[in-house]
Amino acid sequence: MAETPQEPGHETLSNLLQESRRFPPPADLAADANVRADAYETAAADRLGFWEEQAGRLQWERPWDNVLEWEPPFAKWFTGGTLNAAVNCVDRHVEAGSGDKVAYHWEGEPGDTRTITYAQLKDMVCQAANALLELGVTKGDRVAIYMPMIPETVVAMLACARIGAPHMVVFGGFSVDALGSRIDDSDAKVVITADGGYRRGKPSALKASVDAAVQDRPGVRHVLVVRRTGQDVEWTEGRDVWWHDAVERQSTSHEAEAHDAEHPLYIMYTSGTTAKPKGILHTTGGYLAQVSYTHWAVFDLKPETDVFWTAADIGWVTGHSYIVYGPLSNGATSVMYEGTPDTPHKGRFWEIVQKYGVTIAYMAPTAIRTFMKWGEDVPAQYDLSSLRVLGSVGEPINPEAYTWYRKNIGGDRTPVVDTWWQTETGAIMVSPLPGVTEGKPGAAMRPIPGITADVVDDQARSVPDGGGGFIVVRDPWPAMLRGIWGDPERYKETYWSRFEGLYFPGDGAKRDADGDIWLLGRVDDVMLVSGHNISTTEVESALVSHPKVAEAAVTGATDPVTGQAIVAFVILRGEVGEGGEGLVKELRDHVGTSLGPIAKPRQIMVVPELPKTRSGKIMRRLLRDVAENRSLGDVSTLTDSSVMDIIAEKLPGAK
Ligand code: 6R9
């Protein structure tokens, strides 16, 4: 452990380096894999040529003149080229004879289902595009989308893309304030919403939040409303329009214009910690090229036979890239599910896998840890033998969660790809390749072909094997953000000022003895305890490796003696109950044995829930507020704001 004398602030704990479990790719998958080991070298030898080849996966109206124009830190990819993202996702598959192929097996939470073919999707997208034009939306206008997980959400996004109106999707769980501030910042002209959606067995209202948000925002000229739940809604004549009135009477043909490769495709806000949310801007050609390539390469997608399921919300970048643009650009068949994993029962996800024969499933570690908490008997009741690749995204996956996922969901057979990326990167950046990489629980392994990510120390020097520091990206990549909407200075400052000439995503990382990369969470979350840098991820992983713990969140709280002290919040596994008297000591000792005495939490609190964002990320800053007895900061991006009340009930200090 990190007792070796080094300069304070430089050491990393070494427990994860001891992970010795290895899972080589299954022989049949490797033999037939989309990507082989030589892809790394080929891409490195001619990076731009490699991405040019990937852009060739798409249908271009006019080919590009230049692959890359790079005026650091501003990149333009495939300049001079023109294409239409919606045509690439839909029309071209229909034209190629795949109109009858299923684009989405959609499953509503109450159990209603819809099957949408590529031909139907094309008609719906054209109708919606015509309706948006009729509502006065023109190329370049921003359209806000605040929707449940229903097919019309995808249709709305593609209709915007088709006419060149950047969409701005706001997660349906966000508050009125969060929606309002995003409408302001992006200056959206139209909001597309639904009366409500189903969550946890009940219709939850969306239109009411939109009403509250647009009330004092006359810039929003129309609200287009899908009827999903049939619940009562308030109606503002002239402004509000039903989808079934405005869209369904439109012609199913719409001549799509090809847009510049650099035409804005969408804006997606990331919440940040305290500051105002950043509108991350993505453009068309480079984004689509990398999303399409990574979806095909990282999941070994066979569009003819696979059934792909990203169990995430479309209001998260993961939904944009791997429910919508990746799968559709590859002509894949996807599953889309509206609701929560425990409605009406805890086996809902596995029932869906069994029902549709899902072959590739992609989800967040937070979901996996929840399934661990519910116990392995739940998935054991379903036939999951169709699965051949599993993916993880959103947070570091603890080695324990990885092995549980592989064993209980993947039948000890499927590779698990731990994919590291961000809203800002647009697409997967660091990940194993399922037919090439020997899986190692907890490690995202190495940059995918064509990406030059590295781990550097605070002087921007590449760290040797066994070293820790920060993840950076050396060269521009096609799906990179093109900036922060309306704020180029903040873009430079946030991502390009920490290390000269390098993109800094804000995550800590280390390189193990084999040279493989481990992501350690946001650097803001790193704790400094008696001069030692300790990552929250490592303490959390140590806690989760205890058989009684399902989930753990760790934060640093100011401490008069050690500078910062480690405070842990744990959720126990279902069968453990309250845990009993000796549990806290047992857990502290367990962390001490796994990581060393310095990493022992000062305090461990057993809680029923943890505060999380739309993507399942734990909002550690709120826990820090609790640990330091402060009133809570901004909670508008919590998926469920009642969680903090539940924690408060358990803990005297929390308000
Ligand atoms: C796709 C997405 C980005 C942040 C990122 C990092 C964390 C995502 C991860 C991961 C470790 C992984 N993150 N994937 N950390 N291993 N496989 O999550 O985008 O919501 O913008 O979050 O999520 O901290 O910087 P976004």
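Please read all numbers here as calculations on a predicted model, not as lab measurements.

**Description of the packing of helix 17 (residues 536-544) against helix 18 (residues 583-595)**
Link 1 in the chain: Remark: helix 17 packs on helix 18, axes separated minimally by 9 Å, with the N-to-C direction vectors making an angle of 120°. Considering how the two elements wind past one another, helix 17 and helix 18 form a crossing that is right-handed. On helix 18, the residues that touch Glu538, Val539, Ala542 and Leu543 of helix 17 are Leu587, His590, Val591, Ser594 and Leu595.
Link 2 in the chain: Partitioned by chemical class, the residues of the contact of helix 17 with helix 18 number six nonpolar, two polar and one charged.

**Looking at the site of the ligand**
Link 1 in the chain: In the vicinity of the ligand, 17 residues are found, and the nearest of them are Asp418, Thr419, Thr423, Asp507 and Arg522.
Link 2 in the chain: One of the side-chain N or O atoms of Asp507 is found 2.9 Å from an oxygen atom in the ligand.
Link 3 in the chain: When isolated, the ligand has an accessible area of 530 Å², and the protein chains bury 94% of it.

**Here we look at the side chain of His320**
Link 1 in the chain: Position of His320 relative to the elements: it lies in helix 11 (residues 317-329).
Link 2 in the chain: Using a relative accessible area of 0% as the deciding quantity, one classes His320 as buried.
Link 3 in the chain: A distance of 2.8 Å separates a polar atom in the side chain of His320 from the backbone oxygen of Ile314.
Link 4 in the chain: His320 has contacts with Met157, His167, Val169, Tyr266, Met268, Tyr287, Ile314 and Tyr325, leaving out every residue within four places of it along the chain.

**Section: the UniProt feature "binding site: ATP" (unreviewed entry) in the protein**
Link 1 in the chain: Following the UniProt record, one finds the feature "binding site: ATP" (unreviewed entry) at Gly394, Glu395, Pro396, Asp418, Thr419, Trp420, Trp421, Gln422, Thr423, Asp507 and Arg522.
Link 2 in the chain: With respect to the helices and strands, the residue Gly394 is situated in the loop between strand 19 (389-393) and helix 15 (399-409).
Link 3 in the chain: Note that Thr419 resides in strand 20 (residues 416-419).
Link 4 in the chain: By relative accessible area, which is 2% here, Thr419 ends up buried.
Link 5 in the chain: With sequence-adjacent residues up to four places away left out, Thr419 is seen in contact with Val298, Tyr362, Ser392, Val393, Ile428, Val430 and Ser431.
Link 6 in the chain: Of note is the side chain of Thr419, whose polar atom sits 2.6 Å from the side chain of Tyr362.

**Let's talk about the nonpolar core**
Link 1 in the chain: In this structure, Phe78, Leu121, Leu158, Ile192, Val324, Tyr325 and Leu328 are the most contacted members of the largest nonpolar core, which totals 140 residues.
Link 2 in the chain: Beyond its immediate stretch of four places on either side in the chain, Leu158 contacts Ala86, Cys89, Val90, Leu121, Val125, Val324, Tyr325 and Leu328.
Link 3 in the chain: With 52 residues, the next largest nonpolar core counts Ala311, Phe371, Val544 and Val549 among its residues.

**Things to note about the pairing of strand 22 (residues 468-473)**
Link 1 in the chain: Summarising burial for strand 22: six of the six residues are buried, a large majority.
Link 2 in the chain: For strand 21 (residues 453-456) and strand 22, the ladder comprises four bridges, and the chain directions are antiparallel. Bridge pairing in strand 22 places Val456 opposite Phe470.
Link 3 in the chain: Bridge count between strand 22 and strand 24 (residues 507-511): three bridges; the pairing is antiparallel. From the neighbouring strand, Gly468 faces strand 24, where its bridge partner is Lys510.

**Re the side chain of Thr403**
Link 1 in the chain: Looking at the element boundaries, Thr403 is found in helix 15.
Link 2 in the chain: Overall, the relative accessible area of 14% leaves Thr403 in the buried class.
Link 3 in the chain: Of the polar contacts made by the side chain of Thr403, one reaches the backbone oxygen of Glu400; its length is 3.1 Å.

Parameters at a glance
Residues numbered from 1 in each chain as written. Predicted model: local features only at pLDDT ≥ 70, side-chain atom pairs only at ≥ 80, totals over all residues. Heavy atoms only, no water. Axes fitted to C-alpha atoms, helices over the stretch in contact; angles between N-to-C directions. Helix = DSSP H or I, 4+ residues; strand = E, 2+ residues; numbered from the N terminus. Left-handed = near helix turned anticlockwise from the far one by under 90°. Contact = heavy atoms within 4.5 Å. Nonpolar A, V, L, I, M, F, W, Y, C, P; charged D, E, K, R; others polar. Near = heavy atom within 4 Å. Polar contact = N/O pair within 3.5 Å; in protein donor to acceptor, adjacent residues only side chain to side chain. Areas by Shrake-Rupley, 256 points an atom, 1.4 Å probe, with all protein chains shown as cover. Buried < 20%, exposed > 50% of the residue type's maximum accessible area, 1.4 Å probe, protein only. UniProt positions renumbered as here; feature names shortened; annotations may be inferred. Core = buried A, V, L, I, M, F, W, Y, C linked by side-chain atoms within 4.5 Å. Pairing = 2+ DSSP bridges.

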